[in-house]
Amino acid sequence: MDITHVEVTQETTHVDITHVEVTQVTTVMDATHQNEDKLFKVERQRLSQLHRRLAVDVEFTDLSYSVLEGPYCKKKSHKTILKCLSGKFCSGELTGIMGPSGAGKSSFMNILAGMRETGMEGEILINGQQRNLRTFRKKSSYITQDDSLFPNLTVLEAMMVSANLSLKENTAEKRDLVNEILITLDLMECMHTRILYLSGGQRKRLAVAMEYIRNPPVMFLDEPTSGLDSNCCFQVVSLLKTLAQGGRTIICTIHQPSAEIFEMFDKVYILCQGQCIYNGTVPHLTTFLMSLGLHCPAHHNPADFIIKVASGIYGDMTPALVNAVKNGMSTAEQQKSINSRKESISPNPSQYQIESTPTDLDPMGNNMYVASTLTQFCILFKRSFISDYRDPMLTLVRFVFHIVIGLLFGLVYLNIGNNAQKVSYNMGFIFLSVLFIVFTAQAPTVLTFPLEMSALTREYLNYWYSLKAYYLAKTMSDMPIQIICPIIYCCIAYWMTGQPPEATRFFLFTIILTLTALMAQSLGQLIGAMCKSLLVAVVIAPSIAIKASIFSGFFVSYNTIPIYLRWATYVSYMRYSFEGAIVSVYGMGRPDLDCAVEHCLRQKTETILQGLDMEDAKVYLDIIALVIIFLFLRLATYFALRHRLRSQR
């Protein structure tokens with residue numbers, strides 16, 4: 001079609017051009033209509049078990065968006081990102097949002113998808129009615145550019161997680177539907193392959209499949225072809241085209257597509273400097289530009305040409321293009337062909353009616369999840385446990401590390417636990433044990449939420465599950481490792497270093513270090529939830545541990561600390577860990593230590609405790625303090641995570 005159009009352009013007048021182009025567009029649209037009808041019938045036959053949904057049209061009027069900018073120390077100003085955008089994205093159409101870098105494409109789509117609210121002005125209508133954000137987010141899906149998938153799960157496992165969270169059918173029906181979708185999206189051959197080993201195109205299709213299982217009538221995709229080769233790009237866009245032909249509203253941002261991919265879009269919405277410079281069909285784009293004196297060169301991709309125009313290569317044409325769009329020049333000539341096309345290919349409306357279920361009909365946000373909170377927890381716990389179990393850095397390495405360090409400490413401090421002449425060395429062993437447990441428990445958990453924040457944001461805002469179900473599942477899945485590792489360490493180091501061979505003391509020592517690990521895990525998760533920068537979180541975590549160790553009682557006793565700083569010992573979690581470990585070893589009426597010389601200053605355990613200002617310390621109080629800190633940190637992490645998710649909008 002493009003070659004014929006160029007030849008006619010070179011040999012005929014502008015009037016003849018328009019006539020020939022319209023004739024060709026009509027012919028192509030007739031052929032396209034036949035192909036779309038076939039594709040829709042195939043899709044409807046294959047995926048008959050999908051929940052039926054009502055087709056959705058997204059309309060927006062005078063949509064503007066601004067953000068605050070400027071340093072914290074000065075008065076901030078507002079920067080306008082989007083300016084008075086209007087339009088309508090209809091069901092059954094694949095719409096591409098295009099524009100040069102910084103044009104506002106991602107911001108525009110985020111606002112339409114409900115991912116951004118603060119700073120927005122204007123009106124968004126869903127099927128002609130005011131948008132209820134929670135209900136709309138339940139019936140739409142947002143697929144981010146980075147896919148946000150769990151690499152250690154297989155394709156089938158990831159799909160079953162989506163199915164179990166989104167559908168009420170029994171397991172057999174869910175499995176049949178998952179298989180149908182995998183066949184439709186050409187993922188059946190890799191269903192048992194871990195996501196880590198999928199190609200870029202397969203990952204994109206899987207991301208679509210996981211959302212597609214809910215059969216959302218509206219799908220938003222941020223740069224779905226980013227990082228893919230030409231073949232994978234064609235596969236992904238062809239998939240989106242097929243989904244749109246099934247009656248869905250597919251909206252995606254795309255950056256300079258090839259001519260072949262560009263022609264697959266039903267409509268394009270092109271932005272420049274936050275304003276719309278074209279809103280219409282692909283075939284009409286060149287005619288629209290010619291009406292303004294902009295002629296696309298022969299054998300040139302219209303998508304590349306319009307981006308060059310928007311970038312100012314042919315002069316500042318933005319005001320003229322914006323005015324032309326406002327005057328309706330981009331839509332007037334094509335409206336009849338669009339309407340006739342939609343009437344001819346629109347599927348039977350009964351295929352997309354919303355089922356009468358509470359999850360679909362409740363506008364107030366009640367019962368917005370298909371699965372109960374307990375079911376969500378079980379599904380997410382299993383996913384997190386499998387994902388962590390298959391990660392060698394989180395499982396095998398941590399177990400081996402605790403065994404190796406336990407043996408190393410055991411050899412370095414071999415049989416010094418009952419030697420009165422080596423009490424200071426034994427206290428060093430106890431302090432290093434606490435410090436080791438803190439760092440090994442805290443370091444990996446600092447990365448928990450930063451690494452999964454994109455996946456959490458997508459799934460949570462798409463109403464897969466509640467935050468409390470995710471938070472409990474994620475924190476509980478790592479708890480077995482945090483409990484087993486300190487026990488392994490204590491079983492090795494405690495006995496090799498010759499600590500008191502009493503079951504009660506060993507049990508208390510192990511309990512103290514285990515609670516320390518759980519508390520450090522909670523602190524790491526809190527830091528990760530609060531810090532948006534991964535680098536900042538990694539730096540802050542060890543800094544807090546070092547500061548807490550100063551007030552642990554090992555470097556300086558409580559009475560030696562200045563009065564105005566003694567309050568810090570009560571908020572230092574390492575004080576309770578170190579104190580509890582010391583008392584479990586030297587307290588509770590332990591007999592005098594062995595002394596190889598005539599007089600040993602620290603032969604009596606009371607003297608040791610007095611030197612540390614711990615003669616009145618009680619192990620059970622330290623345990624209670626660690627439990628309270630643990631619960632406080634867990635609760636604070638939950639609210640920090642909730643605040644961070646809400647601030648995304």
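Placed above this text is the structure.
### Here we look at the overall build of the protein
Right, so step 1: Across its full length, the protein holds 26 helices and 10 strands.
Right, so step 2: Here the protein holds 649 residues, and 54% of them are scored as buried.
Right, so step 3: When contacts within the protein are restricted to residue pairs at least 6 apart in sequence, long-range pairs at least 24 apart make up 77% of them.
Right, so step 4: Split by element, the accessible area of the protein, about 29000 Å² in all, is 59% carbon and sulfur.

### Comments concerning the packing of aromatic side chains
Right, so step 1: One pass over the full model with this rule turns up 35 aromatic pairs.
Right, so step 2: Between F409 and Y489 the ring centres are 6.2 Å apart and the planes differ by 80 degrees, which places this aromatic pair in the edge-to-face class. Here F409, found in helix 16 (residues 396-412), pairs with Y489, found in helix 20 (residues 479-496); they are 80 residues apart in sequence, far enough to count as distant.
Right, so step 3: The class of Y489 is buried, set by a relative accessible area of 0%.
Right, so step 4: Relative to Y638, the ring of Y471 has its centre 5.8 Å away and its plane inclined at 55 degrees; by these criteria the two rings are tilted. One end of the pair, Y471, is in helix 19 (residues 467-477); the other, Y638, is in helix 26 (residues 619-647), and 167 residues separate them in sequence. One exposure class covers both Y471 and Y638, and it is buried.
Right, so step 5: Taken together, F401, F409, Y413, F429, F436 and Y489 form an aromatic cluster joined through their ring pairs.
Right, so step 6: A cation over a ring is seen here: R566 above Y558, with NZ or CZ 5.4 Å from the ring centre.

### Considerations on unusual backbone geometry
Right, so step 1: The phi dihedral of D62 falls on the positive side, at around 50 degrees, and the residue is not glycine.
Right, so step 2: Note that D62 resides in strand 1 (residues 58-69).
Right, so step 3: Residue D62 is classed as partly exposed on the basis of its relative accessible area of 45%.
Right, so step 4: For Q273, which is not glycine, the phi dihedral falls at a positive 55 degrees.

### Looking at the nonpolar core
Right, so step 1: Counting 177 residues, the largest nonpolar core has F108, M159, Y489 and Y586 as its most contacted members.
Right, so step 2: Counting residues per element, this core draws most heavily on helix 21 (residues 503-530), at 13 residues.
Right, so step 3: Excluding its chain neighbours within four sequence positions, the residues that come into contact with Y489 are H402, I405, G406, F409, F429, S433, F436, I437, Y494 and L513.

### Considerations on helix 7 (residues 200-212)
Right, so step 1: Its 13 residues place the ends of helix 7 18 Å apart at the C-alpha level, agreeing with the 18 Å of an ideal helix rising 1.5 Å per residue.
Right, so step 2: Most of helix 7 sits out of view: 11 of its 13 residues are buried.
Right, so step 3: Restricting attention to buried positions, one finds in helix 7 the residues G201, R203, K204, R205, L206, A207, V208, A209, M210, E211 and Y212.

### Points about the sheet that holds strand 3 (residues 93-98)
Right, so step 1: Pairing within the open sheet is mixed, and its six strands lie in the order 6-7-8-3-9-10. Whereas interior strands pair on both sides, the edge strands pair on one side only; in this sheet they are strand 6 (140-143) and strand 10 (275-280). Taking the axes of each pair of neighbouring strands and ignoring which way they run, one obtains an average angle of 15 degrees across the sheet.
Right, so step 2: Bridging between strand 3 and strand 9 (residues 267-272) involves four bridges; their strand directions are parallel. Bridging across to strand 9, M98 finds its partner in I270.

### Here we look at the state of the cysteines
Right, so step 1: Across all of its chains, the model carries one disulfide by this definition.
Right, so step 2: Each disulfide pairs two cysteine sulfurs, and for C595 the partner residue is C600, the sulfurs being separated by 1.6 Å. Since a negative S-S torsion denotes a left-handed disulfide, the C595-C600 link at about 75 degrees is right-handed.
Right, so step 3: Look at C600 and you get buried, because its relative accessible area is 15%.

### Points about the sheet that holds strand 2 (residues 77-89)
Two orientations exist for strands paired in a sheet by backbone hydrogen bonds: parallel and antiparallel.
Right, so step 1: The strand order across the open sheet formed by four strands is 2-1-4-5, and the pairing between neighbours is antiparallel. Because the sheet does not close on itself, it has two edges, and the strands there are strand 2 and strand 5 (129-130).
Right, so step 2: Contacting strand 1, strand 2 and strand 4 (120-126), helix 3 (residues 105-113) runs over the sheet at an angle of about 120 degrees to strand 1.

### Structural notes on helix 21
Right, so step 1: With 28 residues, helix 21 extends 40 Å between its outermost C-alpha atoms, agreeing within 8% with the 40 Å of an ideal straight helix rising 1.5 Å per residue.
Right, so step 2: In terms of burial, helix 21 is largely enclosed, as 23 of its 28 residues are buried.

### Quick word on the environment of L285
Right, so step 1: Summarising the element assignment, L285 is placed in helix 10 (residues 285-290).
Right, so step 2: If we skip the residues at most four places from it in the chain, L285 touches F262, I270, Y278, P302 and I306.

### Here we look at a nonpolar patch on the surface
Right, so step 1: A contiguous nonpolar patch, built from Y564, L565, W567, Y570 and V571 and spanning about 590 Å² of accessible area, is present on the exposed surface.
Right, so step 2: Looking at the element boundaries, Y564 is found in the loop between helix 22 (534-550) and helix 23 (567-571).

### Section: the pattern of salt bridges
Right, so step 1: Under the definition given, this model contains 14 salt bridges.
Right, so step 2: For E93, the salt bridge is made with K267, and the minimal N-O distance between the two is 3.6 Å. Taken together, the residues E93 in strand 3 and K267 in strand 9 connect sequence positions 174 residues apart. Note on accessibility: E93 and K267 belong to one class, buried.
Right, so step 3: Ionic pairing is found between K604 and D592, a salt bridge with its closest N-O pair at 3.4 Å. You can see K604 sitting in the loop between helix 24 (573-586) and helix 25 (605-611) and its partner D592 sitting in the loop between helix 24 and helix 25, a full 12 residues away along the chain.
Right, so step 4: Since its relative accessible area comes to 46%, K604 is described here as partly exposed.
Right, so step 5: Via salt bridges that share partners, E211, R214, R383, R458 and E459 belong to a single interconnected network.

### So, the side chain of T457
Right, so step 1: Of note, T457 is situated in helix 18 (residues 448-461).
Right, so step 2: Apart from residues lying up to four places away in sequence, T457 is in contact with M115, L645 and Q648.

### Here's the deal with the pairing of strand 9
Right, so step 1: Burial analysis of strand 9 places six of its six residues in the buried class, which makes it a mostly covered element.
Right, so step 2: Where burial is concerned, the two faces of strand 9 agree: the one with K267, Y269 and L271 and the one with V268, I270 and C272 are both buried.
Right, so step 3: A loop of two residues connects strand 9 with strand 10, the two strands running antiparallel in sequence, and Q273 in this loop sits at a positive phi of about 55 degrees.

### Topic: the environment of I487
Right, so step 1: Mapped onto the fold, I487 is located in helix 20.
Right, so step 2: Look at I487 and you get partly exposed, because its relative accessible area is 34%.
Right, so step 3: The spatial distance from the C-alpha of I487 to the C-alpha of T510 is 6.2 Å, given a sequence separation of 23 residues.

### Some details on the pairing of strand 1
Right, so step 1: As defined by bridge partners, strand 1 adjoins strand 2 across nine bridges and the pair is classed as antiparallel. What sits directly across from L63, in strand 2, is L85.
Right, so step 2: Relative to strand 4, strand 1 is paired through six bridges, and the arrangement is antiparallel. The residue bridging S64 from the neighbouring strand is E121, located in strand 4.

The rules behind the values
- Residues numbered from 1 in each chain as written.
- Predicted model: local features only at pLDDT ≥ 70, side-chain atom pairs only at ≥ 80, totals over all residues.
- Heavy atoms only, no water.
- Helix = DSSP H or I, 4+ residues; strand = E, 2+ residues; numbered from the N terminus.
- Buried < 20%, exposed > 50% of the residue type's maximum accessible area, 1.4 Å probe, protein only.
- Contact = heavy atoms within 4.5 Å.
- Areas by Shrake-Rupley, 256 points an atom, 1.4 Å probe, with all protein chains shown as cover.
- Phe/Tyr/Trp six-rings, centres within 6.5 Å; stacked < 30°, edge-to-face > 60°.
- Lys NZ or Arg CZ within 6 Å of the ring centre and 35° of its normal.
- Core = buried A, V, L, I, M, F, W, Y, C linked by side-chain atoms within 4.5 Å.
- Expected span 1.5 Å × (residues − 1).
- Pairing = 2+ DSSP bridges.
- Axes fitted to C-alpha atoms, helices over the stretch in contact; angles between N-to-C directions.
- Disulfide = S-S within 2.5 Å.
- Patch = residues over 30% accessible without salt bridge, like charges linked within 9 Å, V, L, I, M, F, W, Y side chains within 5 Å.
- Salt bridge = Lys/Arg side-chain N within 4 Å of Asp/Glu carboxyl O.

By themselves these figures say nothing about function.
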